[in-house]
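Residue-level structure breakdown
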Amino acid sequence: MRWQGQKVGETDAAALPGLEDRSSMLRSVTTPEFAGMTFHEVLSKSALNHVPGASRMPFAWTINPYRGCSHACVYCVSPDTLILCADGRQRPLRDLEIGTAIIGTERQGEYRRYVRTTIQAKWTTRKRAYRVTLADGTEIVASGDHRFLTDRGWKHVTDAESGQRPHLTTSNRLMGFGVDGAELLLEGTAVKSVADLRVMSIEPLPGEHDLLDITTGTGDFIANGVVSHNCFARGTHEYLDLDGGADFDSQIVVKTNIVEVLRRELRKGSWQHETVALGTNTDPYQRAEGRYKLMPGIIEALAESGTPISILTKGTLIRRDIPLLVKAAQRVPVDVQMSIAMYDDELQKAIEPGAPTTQARLDTVKALSDAGFPVTVFLMPIMPHMTDSVDAIDTALRRIKDAGARRVIYGALHLRPGVKPWFMQWLGEARPDLVSSYLGLYPGVSAEAPKGYRQWLAKRARPLIRMHGLDGRDENDYPQRGSRSGEGHVGSIWRQNEPRGGARATTSVTFRTTGPSREAAAQPMLF
């Protein structure tokens, strides 16, 4: 969480919704019931968040009653590090603010090029640091977890304390122009080493040091003339989607007045009663919901206004609200989706240590199905060489069918920037035998599994889905925004639409947009 600008009377335009100024902050709460967690209770100015029109998501509106946040920064460099700004000047990182225009890089076709971006977040931390010295005299002080772009790809400053990960050695050369070569840079030019940026030494510094993290729009920035990777402070929690477990981020923002604000927004004459999706950004049935009980009021407000509802969750707490959802479904379409990716108990514990167990979620599917809801299960992500065998997929589909689900949406592992380095580190520790295979499937900055693998997965999954009598589709086949093909359960308590919660479960990353809410609109992300 960014606490800059949280002084009384000061406004921080980049803060999380409800934290723009101290007048919206009610209190911070800790309780033995949720050991290790802090709840930041805020007054939110808006409840409905608009999804940008260019988004692939089949829904236009979301509600996020909770916001996870983290101070546990991992990537970090010295405050003295010179950052290349969009005006061509190099300025110390400590002097830069959120919103500052700087230079990052972006892959365009076959080349990575320098492009303009902005600082979206900034954190401070204190930890061990290392001095990296290059042949041209450039020095960089950074944490061991920080990554730099080399002629052999992204590499951490040091190896992991346990397991292996790509890290710098004296045989590497960093990509960039060196601290004295900024005048050679032209926006749009290709990234290459125009100075002698060979790594000469990597020295541990004594004690701990004050360091800074930033997040940018491109996922990287230019630090002392070399290409440096972004902070992924929240990646370990967001990509695991631990919203419903004790290992989720310890700092939770709670919009305590969201029901009141939502009712006010739904009464506006401009509201078109479009489907509202919950669970696209953070799980609405995470543990915090057990304390604050915001979802019943949200469901009632949407149903009373005639607004269709879509819910995607990993949380078994939704069972508490089944009677309320049944009542709501008598007035509006209600779509319910449960995210269940792992069907091997040991793997599920390793990937989702804080989430409800697979069986607990399947039992929840059964309870929802028994209540009359044709539940969709998101079998995502399917992980190459771990959960993509015939036996693994067949077992998953059999258990999904036995639980009473109607539809399955499946998709291959997706590694967005910020998530990828953490996942690869985890893989190196848990399954070092698969590292080379994953580097081949997801080379460089690639986030998607290659087309050939996805086609192979479809040929394997689709016959099994048909065999188990499930309605199934690939993650990329969900309907376009605004489509409403109903099955028409005459007399049923539930009216089926195509799933508007068809997001790339299980976790999400967000970006800022304009609209009724300043909050980051949903752009869900599969890890």
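The rules we used
Residues numbered from 1 in each chain as written. Predicted model: local features only at pLDDT ≥ 70, side-chain atom pairs only at ≥ 80, totals over all residues. Heavy atoms only, no water. Helix = DSSP H or I, 4+ residues; strand = E, 2+ residues; numbered from the N terminus. Buried < 20%, exposed > 50% of the residue type's maximum accessible area, 1.4 Å probe, protein only. Contact = heavy atoms within 4.5 Å. Areas by Shrake-Rupley, 256 points an atom, 1.4 Å probe, with all protein chains shown as cover. Core = buried A, V, L, I, M, F, W, Y, C linked by side-chain atoms within 4.5 Å. pLDDT = per-residue confidence, 0-100. Axes fitted to C-alpha atoms, helices over the stretch in contact; angles between N-to-C directions. Parallel < 35°, antiparallel > 145°, perpendicular 65-115°, else oblique. Nonpolar A, V, L, I, M, F, W, Y, C, P; charged D, E, K, R; others polar. Pairing = 2+ DSSP bridges. Salt bridge = Lys/Arg side-chain N within 4 Å of Asp/Glu carboxyl O. Phe/Tyr/Trp six-rings, centres within 6.5 Å; stacked < 30°, edge-to-face > 60°.

Below, the discussion takes up the overall build of the protein chain. Looking only at helices and strands, one finds 11 helices and 26 strands in the protein chain. Evaluated residue by residue, the protein chain yields a buried proportion of 59% over its 527 residues. By sequence separation, contacts in the protein chain at least 24 residues apart represent 71% of the contacts at least 6 residues apart. Summed over its atoms, the accessible surface of the protein chain is roughly 20,700 Å², and 49% of this surface lies on carbon and sulfur atoms.

Membership of the largest hydrophobic core comes to 85 residues, with the highest contact counts inside it found for Phe423 and Tyr438. Once you skip the residues sitting within four places of it in the chain, tyrosine 438 turns out to touch Met383, Pro384, His385, Met386, Leu413, Phe423, Met424 and Leu427. Core analysis: the next-biggest nonpolar cluster, separate from the first, contains 23 residues, Ile140, Val157, Phe221 and Val226 among them.

Further remarks concern the confidence of the model for the protein chain. Caution applies to low-pLDDT regions: their predicted coordinates should not be interpreted in detail. Overall, the predicted model of the protein chain reaches an average pLDDT of 76, with 71% of residues at or above 70. Averaged over each element, pLDDT in the protein chain is lowest for strand β25 (residues 507–511) (25) and highest for helix α8 (residues 390–402) (97). Considering only residues more than four positions removed or in separate chains, one finds that residues 1–22, a stretch of pLDDT under 50, has 64 contacts. Long-range and interchain partners of residues 478–527, a stretch whose pLDDT sits below 50, account for 192 contacts in this model, where long-range means more than four residues apart.

Okay, the packing of helix α2 (residues 258–266) against helix α4 (residues 295–304) next. Two numbers describe a pair of packed helices, the interaxial angle and the distance between the axes. For the pair α2 and α4, interaxial distance at closest approach is 9 Å and the crossing angle is 10 degrees. The angle between the axes of α2 and α4 places the two elements in the roughly parallel class. Contacts from Ile258, Val259, Leu262, Arg263 and Leu266 of α2 reach α4 at Gly297, Ile298, Glu300, Ala301, Leu302 and Glu304. A class-by-class count of the residues in the contact of α2 with α4 yields 7 nonpolar, 1 polar and 3 charged.

Ordered in space as β3-β4-β19-β20-β21-β22-β23-β24, the 8 strands form an open sheet in which the pairing is mixed. Both edges of this open sheet fall to β3 (49–50) and β24 (471–474), since each of them pairs with a single strand only. Where strand β21 (residues 334–339) meets strand β22 (residues 376–382), 3 bridges bridge the pair, whose relative direction is parallel. Among the inter-strand pairings, methionine 338 is bridged to a residue of β22, identified as valine 377.

So, on to the pattern of salt bridges. On inspection of all chains with the given rule, the structure shows 12 salt bridges. Aspartate 220 is paired through a salt bridge with arginine 112; the nearest N and O atoms lie 3.6 Å apart. With aspartate 220 in strand β16 (residues 220–223) and arginine 112 in strand β9 (residues 111–127), the pair connects residues that are 108 residues apart, well separated along the chain. Comparing aspartate 220 with arginine 112, the two get one shared label, buried. In this structure, the salt-bridge partner of arginine 263 is glutamate 304, at a minimum N-O distance of 2.8 Å. Residue arginine 263 is located in helix α2, and its partner glutamate 304 is located in helix α4; the two are separated by 41 residues in the primary sequence.

Scanning the model with the defined rule gives 6 aromatic pairs in all. Judged by centre distance (5.7 Å) and plane angle (35 degrees), the ring pair of phenylalanine 423 and tryptophan 426 falls under tilted. Of the two residues, phenylalanine 423 and tryptophan 426 are both situated in helix α9 (residues 420–430); the distance of 3 residues between them amounts to about one turn of the helix. Neither phenylalanine 423 nor tryptophan 426 differs from the other in exposure class; each is buried.

Another point: unusual backbone geometry. Of note, the amide linkage connecting methionine 380 to proline 381 takes the cis form, showing an omega dihedral of 0 degrees. Within the secondary structure layout, proline 381 lies in strand β22. For histidine 273, which is not glycine, the phi torsion reads 60 degrees and is therefore positive. Among the secondary structure elements, histidine 273 is positioned in the loop between α2 and β19 (276–278). Its identity is not glycine, yet histidine 385 carries a phi of approximately 70 degrees, on the positive side. For histidine 385, the location among the structural elements is in the loop between β22 and α8.

Once that is clear, we can look at the environment of leucine 168. The residue leucine 168 is located in the loop between β13 (153–156) and β14 (199–204) in this model. Given the relative accessible area of 3%, leucine 168 is considered buried. Spatially, the C-alpha atom of leucine 168 lies 9.4 Å from that of serine 201, the residues being 33 residues apart in sequence. Non-local contacts of leucine 168, meaning those with residues more than four positions away in its chain, are made with Val132, Phe148, Thr150, Lys155, His156, Val157, Leu174 and Ile202.

In spatial order, the strands read β11-β10-β14; together these 3 strands make up an open sheet with antiparallel pairing. This sheet does not close on itself; its edge strands, each paired only once, are β11 (139–142) and β14. This sheet shows a mean twist of 20 degrees between the axes of neighbouring strands, independent of strand direction. Bridge count for strand β10 (residues 130–134) against β11 is 4 bridges, and the pairing is antiparallel. Bridge pairing links tyrosine 130 to alanine 142 in β11.

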